[in-house]
Amino acid sequence: MTPQLYLAAEQKSADVTDWPDRIGWIVGLLLFITLVYWLMRQGWKWRSTLQGDLPPLLSAPSEPGPAKLELSGRYHGSTTAGQWLDRIVAHGLGTRSRVELTLTDAGLDVVRPGATDFFVPADALREARLDKGIAGKVLTEGGLLIVTWAHGDKLIDSGFRSDLAAEQADWVTALNDMIKTNTTTEGAAR
């Protein structure tokens, strides 16, 4: 055999994949992802436990009256009023969902398919404004309808985004007019 054929016959290509190492890395990565997910879930549960003093949410009255305004869109969550990153998760307030808002003389009815519905009585409403963010959601200036309301001894900001962004300004006007009327009526009654 000539030396060139001998060298060619002896050469062997390297293994393309080291399967035991690759499987080890994949299993390690999956375990790490599982650990991170579990820690996030535990943090969510802990936050809910810390907010356990929040009273149960109210449900809409059987006869709320005629609708003044209606809105379809997204519910982006609730936070402690004035602290846009302090998310409230107790009673399902941290769950994002579709939303159907209805404003009546009785208050604000928040219907969330697949999540907990709640009702904010008219006398619990404190303010409405357009803002750019709430925990986990940041948009352009005026992209979110933020409604501040009292629940128990806590003020809460809830963030909504309408499917038709132009109607959010009408909601701010209607809610603030309703709040001003209720404040004037309560002041006159005293």
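Structure: see above.
Residues numbered from 1 in each chain as written. Predicted model: local features only at pLDDT ≥ 70, side-chain atom pairs only at ≥ 80, totals over all residues. Heavy atoms only, no water.

Peer 1: Please give an account of the overall build of the chain that cites residues and values.
Peer 2: For the chain, the count of helices and strands is 3 helices and 10 strands. Tracing the chain from N to C terminus, the helices and strands come up as α-α-β-β-β-β-β-β-β-β-β-β-α. A total of 190 residues make up the chain; the buried ones form 31% of that total. Long-range pairs, those at least 24 residues apart, make up 61% of the contacts in the chain between residues at least 6 apart in sequence. Counting only carbon and sulfur atoms, one obtains 59% of the accessible surface of the chain, whose full area is about 12,000 Å². (Helix = DSSP H or I, 4+ residues; strand = E, 2+ residues; numbered from the N terminus. Buried < 20%, exposed > 50% of the residue type's maximum accessible area, 1.4 Å probe, protein only. Contact = heavy atoms within 4.5 Å. Areas by Shrake-Rupley, 256 points an atom, 1.4 Å probe, with all protein chains shown as cover.)

Peer 1: Residues and numbers for a nonpolar patch on the surface, please.
Peer 2: Among the surface-exposed residues, Ile26, Leu29, Leu30, Phe32, Ile33, Val36 and Met40 lie close enough to one another that they form a single nonpolar patch of about 690 Å² accessible area. With respect to the helices, strands and loops of the structure, Phe32 is situated in helix 2 (residues 19–50). (Patch = residues over 30% accessible without salt bridge, like charges linked within 9 Å, V, L, I, M, F, W, Y side chains within 5 Å. Salt bridge = Lys/Arg side-chain N within 4 Å of Asp/Glu carboxyl O.)

Peer 1: How would you explain the environment of Thr95 if you had to name every residue and give the values?
Peer 2: Residue position: Thr95 is located in the loop between strand 2 (87–88) and strand 3 (97–103). Judged by its relative accessible area of 36%, Thr95 falls in the partly exposed class. In this structure the C-alpha to C-alpha distance between Thr95 and Thr116, which are 21 residues apart in sequence, comes to 8.5 Å. Every residue in contact with Thr95, bar those within four places of it in the chain, is listed here: Tyr75, Arg112 and Ala115.

Peer 1: Can you tell me about the side chain of Thr79, naming the residues and giving the values?
Peer 2: Looking at the secondary structure, you find Thr79 in strand 1 (residues 69–80). Judged by its relative accessible area of 1%, Thr79 is buried. The residues contacting Thr79, other than those within four sequence positions of it, are Trp84, Asp86, Arg87, Ile88, Ile134, Ala135, Leu155, Ile156 and Asp157.

Peer 1: Pulling in residues and values, what's your account of the pattern of salt bridges?
Peer 2: Note that side chains of opposite charge can pair when their charged atoms are close. Under the criterion given, the structure shown has 5 salt bridges. Where Arg129 meets Asp157, a salt bridge forms, and the shortest distance between an N and an O atom there is 3.2 Å. Here Arg129 is found in strand 6 (residues 125–131), whereas its partner Asp157 is found in strand 10 (residues 154–162), with 28 residues between them in sequence. A single salt-bridge network, built from bridges that share partners, covers Glu127, Arg129, Asp131 and Asp157.

Peer 1: Explain the side chain of Ser78 to me, using residue names and the numbers behind them.
Peer 2: Within the secondary structure, Ser78 sits in strand 1. A relative accessible area of 1% places Ser78 in the buried class. With residues near it in sequence (within four places) discarded, Ser78 still touches Asp86, Arg87, Ile88, Leu93, Ile134, Ile156, Asp157 and Ser158.

Peer 1: Hey, could you go over the pairing of strand 9 (residues 144–151) for me, with residue numbers and the actual values?
Peer 2: Across the 8 residues that make up strand 9, a large majority, 8, are buried. Residues Leu144, Ile146, Thr148 and Ala150 point to one face of strand 9 and Leu145, Val147, Trp149 and His151 to the other, with burial holding for every one of them. Here 6 bridges tie strand 6 to strand 9, and the two strands are oriented antiparallel to one another. Pairing of Ala128 across the sheet is with Val147, part of strand 9. Count of turn residues in the strand 9/strand 10 antiparallel hairpin: 2 residues, of which Gly152 carries a positive phi of about 65°. (Pairing = 2+ DSSP bridges.)

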